[in-house]
Amino acid sequence: MSVTILAIESSCDDTSAAVVKDAKILANLIADQQIHELWGGVVPELASRAHQQNILPVVDLAMQKAGILKEEIGAVAFTRGPGLIGSLLVGVSFAKAFALALNVPLIEVNHMQAHILAHFIDNKPSFPFLCLTVSGGHTQIVLVKDFLQMEVVGETLDDAAGEAFDKSAKMLGLPYPGGPLIDKYAKEGNAEKFFFPEPQIAELDFSFSGFKTSVMYFLQKETKKNLKFIEENLNDLCASIQKIIIDILLKKLEKAAKKYGVHEIALAGGVSANSELRRRFEELGTKNNWKAHIPKFEYCTDNAAMIAMAAHYKFLKGEFTSQNTEPLARYQL
Ligand code: KG4
Ligand code: ZN
């Protein structure tokens, strides 16, 4: 059975719309919000206002790019959560109204599940596989048993990996979001120059708050001695911070893969855009003879194509949502 799905993603600060036809992405448009840079982080109220302004033009453009008329849409999908409640509300309300007007089914999608299903846009990992999902709000190791059957086997007890990048970047005086800038400066730096202790957390869970504090105290101590310490060592600081965050992530992923006996590993979420993480993740796969999957760059950070892909599998299973649905700021896998 052939179906065309329009999908909306608005969980944080990107307004995105995508069109998928029979598991093939026909369009994927993203309007990002530069306004937050001024404030050093996402301001929820500003984000939901910008979503309201962006949503119509983004959906219009996605349909134009896909070359479809609204009459051809067979279902409307949206991110139900997790995310910022005001941002989610814009996407949820829009999707409900659009589905009602077209008289087609609604499909709710869990944002974290969608990050994982982004792998199926142009790849086919075999089940079961382990996915390390690393974003601005989450850090999880997920055992993926089937398209819609997933189990979180490890997660962060405090900050997410993306926050560890962004908060360290802020301490270095870099603008938000700092993750991509750490990646950029680290390319010219020496990762062995500075050392920060790794947290000792049991089993497969993570913690980044102690790491963040140790970076803060270290920078305070060194800038007291030399006001220009950060400026003079920016590349080496970025490389060293990045190395520890990646060490923490990949050690746990390796431990999890051995524990569950899987031979395929995957990387998802915004932080998987990090070039050094991608390189070392592939190296980990090669070392252990595991297949290592990474989505294309544009499907790593928030996008509606991944929502559309998740909706495609839900459509096949007849998993639809009622018009009474509401967004969920917290939404377990
Ligand atoms: O998945 P995502 O787009 O949004 C959330 O759902 O959170 O992830 C955003 C996070 C931010 O913390 C951002 O700094 C981080 O992903 N990020 C990176 C890179 N690109 C994005 N972190 C490190 N290196 C990058 N190249
Ligand atoms: Zn995300």
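Cut-offs and rules
Residues numbered from 1 in each chain as written. Chains lettered and ligands numbered in written order. Predicted model: local features only at pLDDT ≥ 70, side-chain atom pairs only at ≥ 80, totals over all residues. Heavy atoms only, no water. Axes fitted to C-alpha atoms, helices over the stretch in contact; angles between N-to-C directions. Helix = DSSP H or I, 4+ residues; strand = E, 2+ residues; numbered from the N terminus. Parallel < 35°, antiparallel > 145°, perpendicular 65-115°, else oblique. Left-handed = near helix turned anticlockwise from the far one by under 90°. Contact = heavy atoms within 4.5 Å. Core = buried A, V, L, I, M, F, W, Y, C linked by side-chain atoms within 4.5 Å. Buried < 20%, exposed > 50% of the residue type's maximum accessible area, 1.4 Å probe, protein only. Pairing = 2+ DSSP bridges. Domains from an automatic or database assignment. Buried area = accessible area lost by both parts, 1.4 Å probe. Salt bridge = Lys/Arg side-chain N within 4 Å of Asp/Glu carboxyl O. Polar contact = N/O pair within 3.5 Å; in protein donor to acceptor, adjacent residues only side chain to side chain. Phe/Tyr/Trp six-rings, centres within 6.5 Å; stacked < 30°, edge-to-face > 60°. Lys NZ or Arg CZ within 6 Å of the ring centre and 35° of its normal.

**Student:** Mind laying out the packing of helix 1 (residues 44-66) against helix 2 (residues 85-102), listing which residues take part and the relevant values?
**Tutor:** Orientation of helix 1 relative to helix 2, taken along the N-to-C sense of each, is 40 degrees, at an axis distance of 9 Å. The angle between the axes of helix 1 and helix 2 places the two elements in the oblique class. At the point where helix 1 passes helix 2, the crossing takes the right-handed sense. Along the contact surface, helix 1 presents Ala 47, Ser 48, His 51, Gln 52, Ile 55, Leu 56, Val 59 and Met 63, while helix 2 presents Gly 86, Ser 87, Val 90, Gly 91, Phe 94 and Phe 98.

**Student:** Provide a residue-level description of the nonpolar core, including the pertinent values.
**Tutor:** One finds Leu 130, Leu 132, Leu 172, Leu 249 and Leu 253 to be the most contacted residues of the largest nonpolar core, which totals 48 residues. Broken down by secondary-structure element, the contributors of at least two residues to this core are strand 6 (129-134), strand 7 (139-146), helix 4 (161-171), helix 5 (179-186), helix 6 (209-225), helix 7 (229-260), strand 9 (264-268) and helix 8 (275-288). Looking at this core element by element, the count peaks at 16 residues for helix 7. Those residues in contact with Leu 132 that sit more than four places away from it in its chain are Gln 140, Ile 141, Phe 206, Leu 249, Leu 250, Leu 253, Ala 266, Leu 267 and Ala 268. Ala 7, Ala 114, Ile 121 and Met 150 belong to the second-largest nonpolar core, a separate cluster that totals 34 residues.

**Student:** Can you explain the sheet that holds strand 3 (residues 24-32)? Please cite residues and give values.
**Tutor:** Spatially, the five strands line up as an open sheet ordered 3-2-1-4-5, and their pairing is mixed. The sheet terminates laterally at strand 3 and strand 5 (106-110), the two strands that pair on one side only. This sheet shows a mean twist of 20 degrees between the axes of neighbouring strands, independent of strand direction. Packed onto the sheet, helix 1 meets strand 1 (4-9), strand 2 (14-21) and strand 3 and runs at close to 25 degrees relative to strand 2. The strands that helix 2 touches are strand 1, strand 4 (75-81) and strand 5; relative to strand 4, the one it contacts most, it runs at about 160 degrees.

**Student:** Describe the domain arrangement of the protein, naming the residues involved and giving the relevant values.
**Tutor:** Assigned domains within the protein: domain 1 (4-117 + 299-316) and domain 2 (125-294). Between the C-alpha centres of domain 1 and domain 2 there is a distance of 27 Å. Both faces combined, the contact of domain 1 with domain 2 buries some 1,500 Å², and carbon together with sulfur accounts for 75% of it. Ranking the residues of domain 1 by area buried against domain 2 places Met 112, Ile 116 and Cys 300 at the top, with a combined share of 39%. Summed over the shared surface of domain 1 and domain 2, the number is zero salt bridges. If you look at where domain 1 meets domain 2, you find one residue pair in polar contact (both at pLDDT 80 or more). The set of elements that each furnish at least two residues to the side of domain 1 that touches domain 2 consists of helix 3 (111-117) and helix 9 (304-316). Ranked by the residues each element gives to the side of domain 1 that touches domain 2, the list is headed by helix 3, at five residues.

**Student:** Tell me about the environment of Cys 300, and name the residues and values.
**Tutor:** Within the secondary structure layout, Cys 300 lies in the loop between strand 10 (291-293) and helix 9. Residue class for Cys 300 comes out buried when judged on its relative accessible area of 0%. Sequence separation between Cys 300 and Ser 135 is 165 residues; the distance between their C-alpha atoms is 9.2 Å.

**Student:** So what's going on with the packing of aromatic side chains? Residues and values would help.
**Tutor:** Any pair of aromatic rings gets described here by the distance separating the centres and the angle formed by the planes. Going through the model one piece at a time under the given rule, you end up with 15 aromatic pairs. For the ring pair Phe 94 and Phe 98, a centre distance of 5.3 Å and an interplane angle of 20 degrees mean the geometry is stacked. Taken together, the residues span about one helical turn, with Phe 94 and Phe 98 both in helix 2 at a distance of four residues. The burial state of Phe 94 is the same as that of Phe 98; both residues are buried. Chaining the aromatic ring pairs together yields one cluster made of Phe 120, Phe 127, Phe 129, Phe 147 and Tyr 313. Lying across the ring of Tyr 331, Arg 80 places its NZ or CZ 5.9 Å from the centre.

**Student:** Outline the sheet that holds strand 9, supporting the account with residue identities and numerical values.
**Tutor:** The mixed open sheet is built from five strands, whose spatial order is 8-7-6-9-10. Only two strands of the sheet have a single neighbouring strand rather than two, namely strand 8 (149-155) and strand 10. Sheet twist, expressed as the average angle between the axes of neighbouring strands with direction ignored, equals 25 degrees. As judged from the six bridges shared by strand 7 and strand 8, these two strands associate in the antiparallel manner. For Gln 140, the partnering residue across the bridge sits in strand 8 and is Glu 155. Its contacts with the sheet place helix 7 against strand 6, strand 7, strand 8 and strand 9, and it is angled at close to 160 degrees to strand 6. Seen against the sheet, helix 8 touches strand 6, strand 9 and strand 10 and runs at an angle of roughly 170 degrees to strand 9.

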